[in-house]
Amino acid sequence: MQKTQFLHAIGRLPFGALLVFGIKQAWAALFGGLMLFVLVLTAYVDLPLLMRYDWLFIAAIAIQLCMLAAKLEKPHEVITIMLFHLVGLGMELFKTSGAIGSWSYPGDAFFKLGNVPLFSGFMYAAVGSYMARSWRVMELEFSKYPNRIATAFLAVGIYANFFTHHFFYDIRYFLFLAILLLFGRTWVTYTINTTVRRMPLVMAFVLIAFFIWLAENIATYVNVWLYPHQVGQWEMVGLEKLGSWLLLMVISFVMVDLLHYLRSRKHRALP
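Numbering of residues starts from 1 in every chain and runs along the sequence as written. Local features in this predicted model are restricted to residues of pLDDT 70 or higher, and side-chain atom pairs are both shown and tallied only at a pLDDT of 80 or more, whereas totals for entire chains, interfaces and linings draw on every residue. Just so you know, side-chain values use all the structure's heavy atoms and leave hydrogens and water out.

A. Quick peek at the overall build of the protein. Helix numbering and strand numbering both begin at the N terminus, where a helix is a DSSP run of H or I of at least 4 residues and a strand a DSSP run of E of at least 2. When helices and strands are counted, the protein shows 10 helices and 5 strands. Expressed as lengths along the three principal axes of its C-alpha atoms, the size of the protein is roughly 50 × 45 × 45 Å. The proportion of buried residues among the 271 residues of the protein is 44%. Once local pairs closer than 6 in sequence are excluded, the contacts in the protein between residues at least 24 apart make up 70%. A 1.4 Å probe and the Shrake-Rupley method give the accessible areas. Residues count as covered only by the protein chains that appear here. A total accessible area of about 14600 Å² is found for the protein, and carbon and sulfur atoms account for 70% of it. Across the protein, 21 positive and 13 negative side-chain charges occur, with their mean positions spaced 14 Å apart. Each residue is placed in one exposure class: buried if its accessible area under a 1.4 Å probe, protein chains only, is under 20% of its type's maximum, exposed if it is over 50%, and partly exposed if it falls in between. Contacts are residue-level and defined by heavy atoms, with any inter-residue pair within 4.5 Å sufficient. In this tally, Asp and Glu contribute negative charge and Lys and Arg positive charge; neither His nor the terminal groups of the chain are included. Taken as the charge centre is NZ of Lys, CZ of Arg, CG of Asp or CD of Glu, depending on the residue.

Set out below in structure tokens:
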């Protein structure tokens, strides 16, 4: 049975549309889901020869190469993912420095930069992968989309605030307001089988941030990284981190959208 026929068959079940939506979301988040599985696996299986974080780094590269070879990701999507990997790695280097210490990695690694094991950038790449694949898997389209120059300035402002709030005023509430002002009128349409549905884009942002927060709780529970209040005894990641993930996810969304827009313009310009 082909994939389309399989999804149509599920769609005829009670709550079938919701099931198809969940399957498509899981398929879009394939890279992140596989990485989360490896994070949990390495917490309970002691792999030989290399340290845990090095195995995670190798696994992340292997998953990425396999998805590319199997054409589950397009080359231009991998470029987007690597860009967000670098964005995340830059923030990791700053946040884990001794002067800041927002979180820490309790293990050691050979493949690392400063205090940061290199696999950590793939945690951000997982968000970028989900965003890039969603465009294709969910057949996303947007109505009343804001000016892209304004969204680019918003993304830069969000990223800068992750650094500057340690020294100056934290403007995240102004950034939340800016997100509402820019994207409050925007709707995203997506396809479930042949049915086109839609939801407010800001609502989609919040839902995605919530599931990233759930994944972060799993990752800290299996000791991949720890916040200061979790050292010694694990506690849930505070709900305030939902806001941080929302802001970071908006950066990823804007990057993917801009690259998608530029690529679409390039294709339209071809004879």
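After that view, the rundown keeps rolling.
B. Structural context of the sheet that holds strand S3 (residues 141–143). Following DSSP output, two strands are said to pair if at least two bridges run between them. Strand order in this open sheet of 3 strands is S3-S4-S5, and the pairing throughout is antiparallel. Two strands bound the open sheet, and with one partner strand each, they are S3 and strand S5 (195–200). Geometrically, the sheet is characterised by an average inter-axis angle of 30 degrees between neighbouring strands, direction not taken into account. Relative to strand S4 (residues 187–192), S3 runs antiparallel, the two sharing 3 bridges. To obtain an axis, a line is fitted to C-alpha atoms, over the contacting stretch when the element is a helix, and the angle between two such axes runs from 0 to 180 degrees between their N-to-C directions.

C. Main features of the nonpolar core. Here, the term nonpolar core denotes a set of buried Ala, Val, Leu, Ile, Met, Phe, Trp, Tyr and Cys residues that are joined through side-chain atoms within 4.5 Å. Within the largest apolar cluster, 71 residues are counted, with the highest numbers of intra-cluster contacts made by Phe-119, Ile-158, Phe-183, Phe-205, Met-249, Val-250 and Phe-253. If one sorts the elements of this core by residue count, helix H10 (residues 241–269) sits on top with 11 residues. When sequence neighbours within four positions are dropped, the list of residues in contact with Phe-205 reads Ile-179, Phe-183, Leu-246, Met-249, Val-250 and Phe-253.

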